[in-house]
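Topology and contacts: notes
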Amino acid sequence: MVNAESGEPKREFVGFVRIAGHPDIQLRLMASSASEAWATVTEQYGEGHVISVWSEEDARRLR
């Protein structure tokens, strides 16, 4: 899948949103980058919550 705006391929990101007083919300979304994934989640759930998103592909890479 390719992002038409940037031309970069989309990757799967996973994570969670923690909103005070509510159970964690599990995430799975497609984005071109971690910053795009973060922006998408922030747009949907708002700011001021604990948001954690990562690409399993990136997490497996040796540093």
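Given the structure is predicted, the values throughout are model-derived calculations rather than measurements.

1. Some thoughts on the pairing of strand S2 (residues 25–31)
By the bridge criterion, seven bridges tie strand S1 (residues 11–18) to S2 in an arrangement that is antiparallel. When the bridges of S2 are listed, Glu 12 appears paired with Met 30. Here S1 hands over to S2 after six residues, with Gly 21 in that stretch at a positive phi of 80 degrees.

2. Some thoughts on the nonpolar core
Formed by Phe 13, Val 17, Ile 19, Leu 27, Leu 29, Ala 31, Ala 37, Val 41, Ile 51 and Val 53, the largest nonpolar core amounts to 10 residues. Looking at this core element by element, the count peaks at three residues for S2. Leave out the neighbours within four places in its chain, and Ala 31 touches Pro 9, Lys 10, Arg 11, Phe 13, Glu 36 and Ala 37.

Criteria and cut-off values
- Counting of residues starts from 1 at the beginning of each chain's written sequence and follows it residue by residue.
- Residues qualify for local features only when their pLDDT is at least 70, as the model is predicted, and side-chain atom pairs are given and counted only at 80 or more; totals for whole chains, interfaces and linings, by contrast, use all residues.
- The side-chain quantities take in all heavy atoms of the structure and omit both hydrogens and water.
- Between any two strands, at least two bridges found by DSSP are needed for them to pair.
- A run of DSSP states H or I qualifies as a helix once it reaches four residues; a run of E qualifies as a strand once it reaches two. Both are numbered from the N-terminal end.
- To qualify as a nonpolar core, a set must consist of buried Ala, Val, Leu, Ile, Met, Phe, Trp, Tyr and Cys residues joined through side-chain atoms within 4.5 Å.
- Classification of residues uses two cut-offs on accessible area relative to the type maximum, computed with a 1.4 Å probe and protein chains only: under 20% is buried, over 50% is exposed, and between them is partly exposed.
- A contact between two residues is defined here by any heavy atoms of the two lying within 4.5 Å.

By themselves, these observations are geometric and do not establish any function.
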